[in-house]
Amino acid sequence: MKQLLLNAAEGPMTNPDLVAKRVAAETKQASLMNGFEFKLNGQKTTANQIDDKLEKSTDLAERKAVWETSKEIGPALKENLVKLRGLRNGVAKEMKYPDYFALEVAAYGMTTDEMLKMLEDWMATLRPLYLQLHTWAKYKLAEKFHQPVPKKIPAHWIGNRWAQEWPGLVEAANIDKYFEGRKPEWIVRTAEQFYTGLGFPSLPDSFWQKSDLYPVPPNEKRKKNTHASCWHVDLEHDIRSLQSIEPNARWFFTAHHELGHGHYFMAYTRPEVPYLLRIGAAPGFHEGV
Ligand SMILES: [Zn+2]
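Just so we're clear, the structure is a prediction, and the values are computed from it rather than from any experiment. (Residues numbered from 1 in each chain as written. Predicted model: local features only at pLDDT ≥ 70, side-chain atom pairs only at ≥ 80, totals over all residues. Heavy atoms only, no water.)

**Q** So what's going on with the overall build of the protein chain? Which residues, and what values?
**A** When helices and strands are tallied, the protein chain shows ten helices and four strands. Secondary structure of the protein chain in N-to-C order comes out as α-α-β-β-α-α-α-α-α-α-α-β-β-α. By its C-alpha atoms, the protein chain is 60 × 45 × 45 Å across when sized along the principal axes. A burial count over the protein chain gives 35% of its 289 residues as buried. Taking the intrachain contacts of the protein chain between residues at least 6 apart in sequence as the baseline, contacts between residues at least 24 apart amount to 65%. With an accessible surface of roughly 18,100 Å², the protein chain has 60% of that area assigned to carbon and sulfur atoms. (Helix = DSSP H or I, 4+ residues; strand = E, 2+ residues; numbered from the N terminus. Buried < 20%, exposed > 50% of the residue type's maximum accessible area, 1.4 Å probe, protein only. Contact = heavy atoms within 4.5 Å. Areas by Shrake-Rupley, 256 points an atom, 1.4 Å probe, with all protein chains shown as cover.)

Next up, the structure:
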């Protein structure tokens, strides 16, 4: 019942006008994002090219230009995002949640206060370790780029658009050379073998036919979301993934991660599991894979 109400709160039919407006605004936001063309010094560039440069370039001026290019999507998304904020808060209020944040947090079985307290506690617990790691990283990066040690690490010094990961700090951890000359198909088939090697069943044939796993060729007009994801389309055997796999370590990790979602979806597809419960225990449940 709880899950049913949570699902209903995303599109409450007590207010069809609001839901229609939200669906239209979400669709518009997705198409703005997927259709966005990054430009570096006036030249078209792709998310994969941006990520490669941030991982490999040692030229700080180039890194700054590339990082700034990666952020140009923000202003393009802002106007409609502000509109969406109001609409999302509106659907949550329709189901008696104070705001959309509270609705999202409810999917973890928590209130806003409980979630914020948990995050604050983690921050406090991790802070001593974080400070040490941060200090080590800024000395290491200053050495790498031949710069004075900064107080805070400039964002374009880090090898990831969002500083989600801090790759390239330790030479020995660079495994890209193992992927040179490999085909993108090899990356994702190897990821699949990881799971079958653990004794999990193979992904259904339709996964390989219906997924969209490789970058759009430069001569094609089609746009696609460059962020990897995996979908349990019909909550049965139709499982698909969206990726833009190139033969490098980053996509090797990502392919393993996305297929992890797929194997969870397969595990949920059993007659004794009702459709409503064919999702993770919480929205973050699969993300550790
Ligand atoms: Zn994921």
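**Q** Describe the side chain of serine 57, with residues and values.
**A** Counting through the fold element by element, serine 57 comes out in the loop between α3 (47-56) and α4 (60-71). Apart from residues lying up to four places away in sequence, serine 57 is in contact with Glu62, Arg63 and Phe145.

**Q** Got a sec to walk through the domain arrangement of the protein chain? Specific residues and values, please.
**A** Domain boundaries assigned for the protein chain yield domain 1 (2-147) and domain 2 (178-288). Averaged C-alpha coordinates put domain 1 and domain 2 at centres separated by 22 Å. Across the contact, 14 residues belong to domain 1 and 16 residues belong to domain 2. Note that arginine 250 and glutamate 55 form a salt bridge whose closest N and O atoms lie 2.8 Å from each other. Taken together, domain 1 and domain 2 are joined by six residue pairs in polar contact (both at pLDDT 80 or more). Looking at the side of domain 1 that touches domain 2, the elements that each hand over two or more residues are α1 (2-9), α2 (16-35) and α3. With five residues, the single largest contributor to the side of domain 1 that touches domain 2 is α3. Across the side of domain 1 that touches domain 2, the residue classes tally to five nonpolar, five polar and four charged. (Domains from an automatic or database assignment. Salt bridge = Lys/Arg side-chain N within 4 Å of Asp/Glu carboxyl O. Polar contact = N/O pair within 3.5 Å; in protein donor to acceptor, adjacent residues only side chain to side chain. Nonpolar A, V, L, I, M, F, W, Y, C, P; charged D, E, K, R; others polar.)

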